[in-house]
Amino acid sequence: MKIEGWPEKLSRGLSALLVVLLASAALPLAADTQTTSSVSRYLAARQQLDPVADLPPQALASLDPSLGGTILELRGEVVAVISPGSEASEPPSDYLLLQTDSGITVALDYPRSDMEPTVGQRVAALAKVPENIEDRGHLQVEQIIAERYLPGASSTEKEPGAEGPSQS
């Protein structure tokens, strides 16, 4: 773009600045669209899977074999994230330890996705109790999302990092 009466270098610099500003203005819109889509997926999965959200803490702590195949909705804080490396499994999975709101810490297995959970982050997860819990001591994530994206989440909640919602 050439601006009449301005030196050519200044005109080019202003043009480049405008391009950068316009491109950066579109980034939050794309993130909002992705977030809205992920929230919709999570809420649809919650409706379809009809998870148990009020499992007593002692039942969650023991994960009785009779719970095999049950879908649970868990909310809590990520206390550890473990990435075994891409050669460990196909497709690669990560594990996280989630301290639930009831004070019970559970291990969750989830496929790598666009959500990068971080220690200290609050999440909501739809997780399936394996049919044979003795062989697999952790739950399999069906859907996971940063809790702050869900309707009714506290807007004052602090989140480390720039994690986003995910589907698996």
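Predicted model, so just to flag it, every value in this text is computed and none were measured. (Residues numbered from 1 in each chain as written. Predicted model: local features only at pLDDT ≥ 70, side-chain atom pairs only at ≥ 80, totals over all residues. Heavy atoms only, no water.)

Student: Before we move on, can you summarise the nonpolar core with the specific residues and values?
Tutor: In globular proteins that are soluble, nonpolar side chains generally tend to be buried together. The biggest cluster of nonpolar side chains holds 24 residues, and the ones touching the most others in it are Leu60, Leu74, Leu98, Leu108 and Leu139. Elements represented by at least two residues in this core include exactly helix 2 (57–62), strand 1 (71–82), strand 2 (93–100), strand 3 (105–111), strand 4 (122–128) and strand 5 (139–146). Ranked by the residues each element gives to this core, the list is headed by strand 5, at four residues. For Leu74, the residues in contact, after removing those within four places along its chain, are Leu60, Leu98, Thr100, Val106, Leu108, Val123, Ala124, Ala125, Ala127 and Leu139. In this structure, Val39, Tyr42, Ile145 and Leu150 belong to the second largest nonpolar core, which totals eight residues. (Core = buried A, V, L, I, M, F, W, Y, C linked by side-chain atoms within 4.5 Å. Buried < 20%, exposed > 50% of the residue type's maximum accessible area, 1.4 Å probe, protein only. Helix = DSSP H or I, 4+ residues; strand = E, 2+ residues; numbered from the N terminus. Contact = heavy atoms within 4.5 Å.)

Student: Summarise the side chain of Glu73; cite the residues concerned and give the values.
Tutor: Locating Glu73 in the fold gives a position in strand 1. Classification of Glu73 by relative accessible area gives buried; the value is 11%. Looking at Glu73, its side chain comes within polar contact range of the side chain of Arg46, at 3.0 Å. Aside from chain neighbours lying at most four places away, what touches Glu73 is Tyr42, Arg46, Pro51, Val52, Ala53, Ala125 and Leu126. (Polar contact = N/O pair within 3.5 Å; in protein donor to acceptor, adjacent residues only side chain to side chain.)

Student: How would you explain the pattern of salt bridges if you had to name every residue and give the values?
Tutor: Evaluation of the coordinates by the stated rule reveals five salt bridges. Two residues, Glu73 and Arg46, come together in a salt bridge whose shortest N-O distance is 3.0 Å. Taken as a pair, Glu73 in strand 1 and Arg46 in helix 1 (residues 8–49) lie far apart in primary sequence, 27 residues in all. With a shortest N-O distance of 2.9 Å, Arg122 and Asp101 are connected by a salt bridge. Linking Arg122 in strand 4 with Asp101 in the loop between strand 2 and strand 3, this pair joins segments that are 21 residues apart in sequence. The exposure class assigned to Asp101 is exposed, which follows from its relative accessible area of 53%. (Salt bridge = Lys/Arg side-chain N within 4 Å of Asp/Glu carboxyl O.)

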